[in-house]
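# Working through the structure, step by step
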Amino acid sequence: MERQGSETRVTGSADQRNDDRYWLLGPTSVARWLLVFILIAGVYFFHGFIVPVLAALVICFASWPLYRRLLQAVGEKRTLGAAIAVMLVLFFIVAPVSIASIYAVREIKVWAVWLIRANALGAPVPQWLFAIPVVGQSLAEEWQKHLSHAGGLGEVVQLISGANIANIYRGLLVVGTSAFQWFLTLLFMLITLFFVYRDGRQLVEQLDRVGETVLPQRWERVSRIVPQTISATVTGMTIIAIGEGIVLGVAYWLVGVPSPVTLGLITGIMALIPGGAPLSFTLVSVYLLANGAHVAGIGLFAWGSIELFIVDKTVRPRLVGGPIKLPFLPTFFGLIGGVKTMGLLGLFVGPVLMALLVAIWREWMLAITDTYAAEAEETAAAAATAHASLPATMEEAASKRRA
């Protein structure tokens, strides 16, 4: 320390004066906190785009092999290939699902109007309920007990869902009038999908660079599992479920079932769960048989069984080539959680996220197993070496005793 008048200054080398220890908050700390603040602000301002971005990524991963063939067909022109791919997605995926959803909302509104009227006046026991074998009489008695009087249906709905039936009806009206919000979400998804198609290679290279710094030993394995997992999940679950919903929905329409579009959508959603599709068309077949349409009921059940057998034995094994086969519980949680959080797009995103979690867990378990196996091999090799050197050690000890 040197004192000059009333001033005191610190002497020392330039490295000491520039050391972070002389700062209350060093430049590195300030930069890190600034980065955290920017990330939080970005999540806050752009969280509304998470759903369309995730949907675009899922569709892109699942269709990337087909897109590579399309890109070769157009002479590696990425902008043209991306535009054609987006148009194909729009016509073959988005348009059919949107049209089916519009019809389903209309049919569900008709159901809601009937429910409101039945709740106000009471719903008499339908005659077809008595015709159900074995359980028909018991179901009719329960219907007479809980639903035949005024207000009974509202009590059952509130007991099951905890919501008032009028609130459910108003919610359906809101869903029907929120078409503009759905349009914006769809538009953002298509725009994101175009740029992901066009610049997919550069994005993968940048992610690989960042991933190697975060997971230097395991990034290559994890990054290769992700697209295979998404492709297997989407093709093996979602696309096949949509196909089953369309095929069985057409069958419902042909046999004259009320609200075939809605029942087809319900069947497609149930097809995501193991055993869901057979349960759906079996219940519809039982309804037809109870109504006296024996030929239609038997024909629908036979058609559903044949279609399910063909899909499970031929189509699904050819399409599913990824490393993930989800058990029932993760599939159920992914489906319900995705729909609850993201709506219709959750049918795609939820199962994929759950499949990724299962893939990461299995990768972790495999790494632990490999570590234990390597340690066991090292222990066995050390024991073998010690056992091989034991006779020589005993001979040396005997020679020393003789000496």
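In the block above lies the structure referred to throughout.
Residue positions are given per chain, counted from 1 along the sequence in the order it is written. Totals for whole chains, interfaces and linings use every residue, but because this is a predicted model, local features are given only for residues with pLDDT of at least 70 and side-chain atom pairs only at 80 or more, for both listing and counting. Computation of side-chain values covers all heavy atoms of the structure but excludes hydrogens and water.

## Description of unusual backbone geometry
This is how the line gets drawn: The secondary structure listing takes helices from DSSP runs of H or I that are at least 4 residues long and strands from runs of E that are at least 2 residues long, numbered from the N terminus.
We note that Glu76 has phi near 60°; this positive angle belongs to a residue other than glycine. Checked against the element boundaries, Glu76 lands in the loop between α3 (50-73) and α4 (78-121). At Ser259, a residue that is not glycine, the phi angle is positive and equals roughly 55°. Topologically, Ser259 is positioned in the loop between α11 (219-255) and α12 (260-271).

## Brief notes about the side chain of Ser259
Test applied: Throughout this description, buried means an accessible area under 20% of the type-specific maximum (1.4 Å probe, protein chains only), exposed means over 50%, and partly exposed covers the range between. Whether two residues are in contact is decided by their heavy atoms: any pair within 4.5 Å suffices.
Using a relative accessible area of 15% as the deciding quantity, one classes Ser259 as buried. If we skip the residues at most four places from it in the chain, Ser259 touches Glu107 and Trp111.

## Thoughts on the packing of aromatic side chains
What counts here: The aromatic pairing rule takes the rings of Phe, Tyr and Trp, using the six-membered ring of Trp, and pairs them if the centres are within 6.5 Å, calling planes under 30 degrees apart stacked, those over 60 edge-to-face and the rest tilted.
Inspection of every chain in the model, using the stated rule, returns six aromatic pairs. Judged by centre distance (5.1 Å) and plane angle (45°), the rings of Trp64 and Tyr67 are tilted. You can see Trp64 and its partner Tyr67 sitting in helix α3, three residues apart, about one turn around the helix. Three or more aromatic residues joined by ring pairs make a cluster, and in this case those are Trp64, Tyr67 and Tyr197.

## Notes on the packing of α12 against helix α13 (residues 276-290)
Heads up, the condition is: To define axes, lines are fitted to C-alpha atoms, for helices over the stretch in contact only, and angles between the resulting N-to-C directions are given on a 0 to 180 degree scale. An angle below 35 degrees is read as roughly parallel, one above 145 as roughly antiparallel, one from 65 to 115 as roughly perpendicular, and any other as oblique. Amino acid classes used here: Ala, Val, Leu, Ile, Met, Phe, Trp, Tyr, Cys and Pro are nonpolar; Asp, Glu, Lys and Arg are charged; the rest, including Gly, are polar.
Interaxial distance between α12 and α13 falls to 7 Å at its minimum, and their mutual angle equals 150°. Put simply, α12 runs roughly antiparallel to α13. Taking contact as the criterion, the partners of Leu263, Ile266, Thr267, Met270 and Ala271 in α12 are, on α13, Gly276, Ala277, Leu279, Ser280 and Val284. In terms of residue class, the contact of α12 with α13 is built from seven nonpolar, three polar and no charged.

## Description of the pattern of salt bridges
Operational definition: Any Lys or Arg side-chain nitrogen found within 4 Å of a carboxyl oxygen on Asp or Glu counts as a salt bridge.
Enumeration according to the criterion identifies four salt bridges in this entry. For the salt bridge of Asp199 with Arg78, the shortest nitrogen-to-oxygen distance reads 3.4 Å. Placement of the pair is Asp199 in the loop between α9 (179-198) and α10 (200-214) and Arg78 in helix α4, with a sequence separation of 121 residues. With a closest N to O distance of 3.2 Å, Arg198 and Asp199 form a salt bridge. Bridged by salt links that share partners, the residues Arg68, Glu76 and Arg201 form one connected network.

## Let's talk about empty space enclosed by the protein
This is how it is decided: As defined here, a cavity is a set of points on a 1 Å grid over the protein atoms alone where a 1.4 Å probe fits but cannot get out. A pocket is an open set with protein on both sides within 12 Å along at least five of seven lines, and residues line them when an atom is within 4 Å of a point. Grid points are joined across faces, edges and corners, and a volume is the space filled by probe spheres set on the points.
Scanning all chains against the criterion turns up two cavities of 30 Å³ or more. Its volume calculated, the second largest cavity comes out at about 40 Å³. Lining the second largest cavity we find Trp64, Tyr67, Arg68, Leu71, Arg78, Tyr197, Arg198, Gly200 and Arg201. For the lining of the second largest cavity, the secondary structure elements donating two or more residues are α3, α9 and α10. The leading source of residues in the lining of the second largest cavity is α3, at four residues.

Geometry only, nothing functional implied.
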